[in-house]
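Fold and contact review
In case you want the letters, here they are:
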Amino acid sequence: MKDRTYSPASITVDVGDTVTWLFDDGGMAHDVVADDKSFRSPLMTSNTFTHTFTEPGTYTYHCTPHPDMMGTVLVQG
């Protein structure tokens, strides 16, 4: 995360892959929250958050304090 953006905003991974989000936005706090509540990071200003995707599907997510920040992980099985 940088400049209040998930970059890339959309990725495609395989079942069993782990995605890592890097929090690097100059001290601004963000989180990663799945719209279906399947994963949630703590609110952080730095560090990383990882999640392993075990089921195929489309997982949309957002940042709680910045709802205009949105992303998608497409998990292919």
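Here, every reference points to the structure presented above.
We now turn to the structure provided with this report. (Residues numbered from 1 in each chain as written. Predicted model: local features only at pLDDT ≥ 70, side-chain atom pairs only at ≥ 80, totals over all residues. Heavy atoms only, no water.)

**Overview of the environment of P42**
Locating P42 in the fold gives a position in the loop between strand 3 (33-34) and strand 4 (46-52). Assessed through its relative accessible area of 48%, P42 is described here as partly exposed. Residues P42 and A29, spaced 13 residues apart in sequence, show a C-alpha to C-alpha distance of 9.6 Å. (Helix = DSSP H or I, 4+ residues; strand = E, 2+ residues; numbered from the N terminus. Buried < 20%, exposed > 50% of the residue type's maximum accessible area, 1.4 Å probe, protein only.)

**What about unusual backbone geometry?**
Here the amide bond leading from S7 into P8 is cis, since omega sits at 0 degrees, within 30 degrees of zero. Residue placement: P8 occurs in the segment before strand 1 (10-14). For K37, which is not glycine, the phi dihedral falls at a positive 70 degrees. Mapping K37 onto the fold places it in the loop between strand 3 and strand 4.

**Describing the sheet that holds strand 5 (residues 57-62)**
Spatially, the 4 strands line up as an open sheet ordered 1-6-5-3, and their pairing is mixed. Each having just a single partner strand, strand 1 and strand 3 make up the two edges of the open sheet. Here 5 bridges tie strand 1 to strand 6 (residues 70-76), and the two strands are oriented parallel to one another. Its bridge partner lying in strand 6, I11 is registered against V73. (Pairing = 2+ DSSP bridges.)

**Describing the packing of aromatic side chains**
Summed over the entire model, instances satisfying the criterion amount to 7 aromatic pairs. With a centroid separation of 4.8 Å and an interplanar angle of 75 degrees, the aromatic rings of Y6 and Y61 are classed as edge-to-face. Placement of the pair is Y6 in the segment before strand 1 and Y61 in strand 5, with a sequence separation of 55 residues. Pairing F39 with F53 gives two aromatic rings, centres 5.5 Å apart and planes at 85 degrees, and the pair type is edge-to-face. Residue F39 is located in the loop between strand 3 and strand 4, and its partner F53 is located in the loop between strand 4 and strand 5; the two are separated by 14 residues in the primary sequence. F53 matches F39 in its accessibility class, with the two residues each being buried. Cluster of aromatic residues (ring-pair linked, three or more members): Y6, W21, F39, F49, F53, Y59 and Y61. (Phe/Tyr/Trp six-rings, centres within 6.5 Å; stacked < 30°, edge-to-face > 60°.)

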